[in-house]
Amino acid sequence: MQTDSESMPTRPAQSNPESRDIVDTLRTAGVAPQRMLELDQGRALAQWQNRQGEVRYERPRHHALSIYIDKGEQARRVLNGKIVSQGFPGAVCLFPAGSRSSWKISGQFEFFHLYFNDLDVARCAEQTWDADPDKRQLSELYHAEDPVLAQAGKLLALSDWQAPGQIMAMDHLAQWLLLQVVSRHSGGRQTLPEVTGQLSLRYRRRLQERINAELGQPLTLANMASWVNLSPYHFARLFRATFGCAPYQYVQEQRLLRARDLLRNGTDKITAIALICGFNDSSQFSRAFKSRFGMTPSAYRTEAHFNH
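S.K.: Pulling in residues and values, what's your account of the nonpolar core?
M.R.: Burial of nonpolar side chains together is a common tendency in soluble globular proteins. Judged by nonpolar contacts, the single largest core of 31 residues is most densely connected at Leu65, Phe116, Leu156, Met170 and Leu177. When residues in this core are grouped by element, the largest group, nine residues, is from helix 4 (residues 166–184). Setting aside residues no more than four positions away along its own chain, Phe116 makes contact with Arg43, His62, His63, Ala64, Leu65, Leu94, Val121, Leu138, Leu178 and Val181. Ile22, Trp48, Ala64 and Phe109 belong to the second largest nonpolar core, which has 22 residues in total.

Now the structure itself:
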């Protein structure tokens, strides 16, 4: 079975994820997620594949954005026993909390879900537009055309969610998706504010020092933005203008540079270095290190000690 909302991955969560009604409904219907990722502050991504069946979403307690990534013509929404809309590749659905919908599936298709809640919407509205969150009510959306979100679905499909550094990248993308939803599909379209200039020298130094001090900890876009009192939206744009790369790319580079120094000058085991530098395990660290420096951590250590 399937639904219109589509996409939810899994990342190591710092706390137990909230119960998600749509996830539970799909699993009860016999649909298993192909991959899932827990993100910051209870948000989550999931990729689903459904083949056939009927499913009904009954007033979920959370919001869900769904993006079809493959086929979808056989996914139909049903109202009072009649088909009222039909899916297609790139179709977008938005299920606000408390909405109700029924679906009939008669062929295979794949979709992503992004799960989020009222607090995410309120925080996004307040931080990005300094707007009253009570006026940002999400609209129900079924099999709509939205080229921007459809393109994001393609990016999600191509991304390796388990690759080194991808958790931060996926968190960044989820923040962007949330921003698009609130901007385009809640209580009237609202233009995103223009962001120009760069971070001040004081903020730049503060970020560099704080990131270096916390490389071994999970670092999210929202956390880093809070260090300089900016919304994630403004922070991401000013950070790129200042440092020439996205925040998650900068953090990944600093972690690898720290690891290289520890391999060259220290005696810690490679597994310990991986954890010290914020990688989930030694295999993930090894892949990232080899991609960046052209050799494995053990090979680099051997060469560095030989040339010392």
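S.K.: Could you give an account of the environment of Ser106, with specific residues and numbers?
M.R.: Assignment of secondary structure puts Ser106 in the loop between strand 8 (100–105) and strand 9 (109–116). Placed 193 residues apart in sequence, Ser106 and Ala299 show a C-alpha to C-alpha distance of 53 Å. Excluding anything up to four places from it in sequence, Ser106 contacts Arg51, Gln74 and Arg76. Side-chain polar atoms of Ser106 contact the side chain of Gln74, separated by 2.8 Å. There is a polar contact of 3.2 Å between the side chain of Ser106 and the side chain of Arg76.

S.K.: Account for the pattern of salt bridges, with residues named and values stated.
M.R.: Per the counting criterion, the structure on display carries 12 salt bridges. A salt bridge links Arg123 to Asp120; the nearest nitrogen and oxygen atoms lie 3.7 Å apart. Linking Arg123 with Asp120, this pair stays in helix 2 (residues 118–129), spanning three residues, or about one helical turn. Of the residues examined, Arg123 reaches a relative accessible area of 23% and is grouped as partly exposed. The class for Asp120 is buried, based on a relative accessible area of 2%. Salt-bridge contacts for Asp261 lead to Arg264; the nearest nitrogen and oxygen are separated by 2.6 Å. With Asp261 and Arg264 both in helix 8 (residues 247–265) and three residues apart, the pair spans about one turn of that helix. In this structure Asp261 comes out as partly exposed when scored by relative accessible area, which is 34%. Salt bridges linked by common partners bring Arg43, Asp120, Arg123 and Asp171 together as one network.

S.K.: Account for the packing of aromatic side chains, with residues named and values stated.
M.R.: For the structure on display, the rule yields 16 aromatic pairs. Between the aromatic rings of Phe109 and Phe111, the centroid separation amounts to 5.2 Å while the plane-to-plane angle is 25 degrees, which identifies the pairing as stacked. For the pair Phe109 and Phe111, one class covers both residues: buried. For the ring pair Phe235 and Phe239, a centre distance of 5.5 Å and an interplane angle of 55 degrees mean the geometry is tilted. Remark: Phe239 and Phe235 occur in helix 7 (residues 232–243); sequence separation between them is four residues, near one turn of the helix. Residue Phe235 is classed as buried on the basis of its relative accessible area, which comes to 0%. Using a relative accessible area of 0% as the deciding quantity, one classes Phe239 as buried. Taken together, the aromatic side chains of Phe279, Phe285, Phe289, Phe293 and Tyr300 make up a single cluster linked through ring pairs. Its guanidinium or amino end placed over the ring of Tyr142, Arg77 lies 4.0 Å from that ring's centre, counting from NZ or CZ. Sitting over the face of the ring of Phe243, Arg204 holds its NZ or CZ atom 4.8 Å from the ring centroid.

About the criteria used
Residues numbered from 1 in each chain as written. Predicted model: local features only at pLDDT ≥ 70, side-chain atom pairs only at ≥ 80, totals over all residues. Heavy atoms only, no water. Core = buried A, V, L, I, M, F, W, Y, C linked by side-chain atoms within 4.5 Å. Buried < 20%, exposed > 50% of the residue type's maximum accessible area, 1.4 Å probe, protein only. Helix = DSSP H or I, 4+ residues; strand = E, 2+ residues; numbered from the N terminus. Contact = heavy atoms within 4.5 Å. Polar contact = N/O pair within 3.5 Å; in protein donor to acceptor, adjacent residues only side chain to side chain. Salt bridge = Lys/Arg side-chain N within 4 Å of Asp/Glu carboxyl O. Phe/Tyr/Trp six-rings, centres within 6.5 Å; stacked < 30°, edge-to-face > 60°. Lys NZ or Arg CZ within 6 Å of the ring centre and 35° of its normal.

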